[in-house]
Amino acid sequence: FAAAQGSLALGQWQDHLPYQQGISVTQSNEKIIYSTGLSVFSIDKAEGSVTFLSKVNGLSDIGIEKVRYDSFNDQLFIIYDNSNIDIVKDDQVINIANIAATTSITSNKKVNDIFFFNSETSYFAADFGIISFNNQDFNFGSTILTGVPINQITQKGSIVYAASQEGIYYIDVQLENNIADFSKWKLLGPEEGLPSLYNAQSVVNHKGSIYIGAESSLYKENNGLFSWSELHAEDD
């Protein structure tokens, strides 16, 4: 048997996008959310059912770089390679185009990651620096021009860590009121067990310890000091 027509009505479109290559993955309590460069799909953990989301049915752009789930506010952040951002909340897509549209930043505006500091505040790690963002009213706060690309951000207690090409910068937000002044940020180095020169691609807080991915090495923090570390299955 053969059919010349599908179930779509005249004037309707259906997407046929590739899903074999993964770009980024995140999760909520109920779903695993997986993205390609063109679309996002989520897998229900209990039922195994799959839902798809792309520009055809709601997203504002293509070229997805990162997906990150904000568990504080039950919403999904989608970061595109042109600095455009979508927030998916309650089946609604809210487009945040401020970074992509701004003319005040003349350098590369690429957004590399986002870190959710608490229910109200998140930080975007970008090639030009760090931007604070209100996760509830969707307004931007202070912009920290670092002069060096920021790859990733994390937190331990009141200390915020930023991974950059020059190493790990950090600041205690309880002790410093003006975190927008990048001269207040300090650089982790030999005194903390790290090299004097290193390119930090990533920094995460895993079970209360800070891990740094620097070039081909992994460093784990213990009581403020870092040492080379090898992850084992029990660390996952």
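Check the entry above for the structure.
Note that the structure is predicted; figures quoted are calculated from it, not measured.

(A) Structural view of the overall build of the chain. Counting secondary structure elements, the chain contains 1 helix and 20 strands. Here the chain has roughly 13,200 Å² of accessible surface; of this, 49% comes from carbon and sulfur atoms.

(B) Here's a closer look at a nonpolar patch on the surface. Residues Val25, Ile32, Ile43, Val50 and Phe52 make up a contiguous nonpolar surface patch of roughly 390 Å² in combined accessible area. Inspection of the secondary structure assignment puts Ile43 in strand S3 (residues 39–44).

(C) The arrangement of the pairing of strand S2 (residues 31–35) in detail. Bridge count between strand S1 (residues 24–27) and S2: 4 bridges; the pairing is antiparallel. If you follow Gln27 over to S2, its bridge partner there is Ile32. Looking at chain direction, S2 and S3 are connected through 5 bridges and run antiparallel. Bridge pairing in S3 links Tyr34 to Phe41. The antiparallel hairpin formed by S2 and S3 contains 3 residues in its connecting segment.

(D) Examining the pattern of salt bridges more closely. One pass over the structure, following the stated rule, counts 3 salt bridges. A salt bridge links Lys110 to Glu65; the nearest nitrogen and oxygen atoms lie 3.7 Å apart. Taken together, the positions of Lys110 in the loop between helix H1 (98–101) and strand S9 (111–116) and Glu65 in strand S5 (residues 64–70) put the pair 45 residues apart, joining distant regions of the chain. By relative accessible area, Lys110 is classed as partly exposed at 24%.

(E) Representation of the sheet that holds strand S18 (residues 209–214). The strand order S17-S18-S19-S20 describes an open sheet built from 4 strands, whose pairing is antiparallel. At either margin of the open sheet sits one strand with a lone partner, and together these are strand S17 (200–206) and strand S20 (225–228). Neighbouring strand axes in the sheet, compared pairwise and without regard to direction, differ in orientation by 25° on average. As judged from the 4 bridges shared by S18 and strand S19 (residues 217–222), these two strands associate in the antiparallel manner. Following the sheet pairing, Ala214 is matched in S19 by Ser217.

(F) Here's a closer look at the environment of Asp81. Tracing the sequence through the fold places Asp81 in the loop between strand S6 (75–80) and strand S7 (85–89). The exposure class of Asp81 is partly exposed, given its relative accessible area of 41%. Residues Asp81 and Lys66, spaced 15 residues apart in sequence, show a C-alpha to C-alpha distance of 8.6 Å.

(G) A look at a negative patch on the surface. A cluster of like negative charges, contributed by Glu30, Asp74, Asp90 and Asp91, occupies part of the molecular surface. Along the chain, Asp74 falls in the loop between S5 and S6.

(H) Examining the pairing of strand S14 (residues 159–164) more closely. The element S14 is largely enclosed, with a buried count of 5 among its 6 residues. As paired elements, strand S13 (residues 150–156) and S14 share 6 bridges and run antiparallel to each other. Bridging across to S14, Thr154 finds its partner in Tyr161. Connecting S13 to the antiparallel partner S14 that follows it, the hairpin turn spans 2 residues, and Gly157 within it adopts a positive phi of roughly 65°. The hairpin formed by S14 and strand S15 (residues 167–172) contains 2 residues between the paired strands.

(I) Inspection of the sheet that holds strand S12 (residues 140–145) at higher detail. With antiparallel pairing, 4 strands are arranged side by side in an open sheet as S9-S10-S11-S12. Taken across any chain shown, the strands that pair with only one partner, and hence form the sheet edges, are S9 and S12. Sheet twist, expressed as the mean angle between neighbouring strand axes with direction ignored, is 20°. Of the pairings in the sheet, the one linking strand S11 (residues 129–134) to S12 comprises 4 bridges and is antiparallel in character. Bridging across to S12, Ile130 finds its partner in Ile144.

What counts as what
Residues numbered from 1 in each chain as written. Predicted model: local features only at pLDDT ≥ 70, side-chain atom pairs only at ≥ 80, totals over all residues. Heavy atoms only, no water. Helix = DSSP H or I, 4+ residues; strand = E, 2+ residues; numbered from the N terminus. Areas by Shrake-Rupley, 256 points an atom, 1.4 Å probe, with all protein chains shown as cover. Patch = residues over 30% accessible without salt bridge, like charges linked within 9 Å, V, L, I, M, F, W, Y side chains within 5 Å. Salt bridge = Lys/Arg side-chain N within 4 Å of Asp/Glu carboxyl O. Pairing = 2+ DSSP bridges. Buried < 20%, exposed > 50% of the residue type's maximum accessible area, 1.4 Å probe, protein only. Axes fitted to C-alpha atoms, helices over the stretch in contact; angles between N-to-C directions. Lys, Arg positive; Asp, Glu negative; His and termini not counted. Charge placed at Lys NZ, Arg CZ, Asp CG, Glu CD.

The analysis is restricted to geometry; functional conclusions fall outside its scope.
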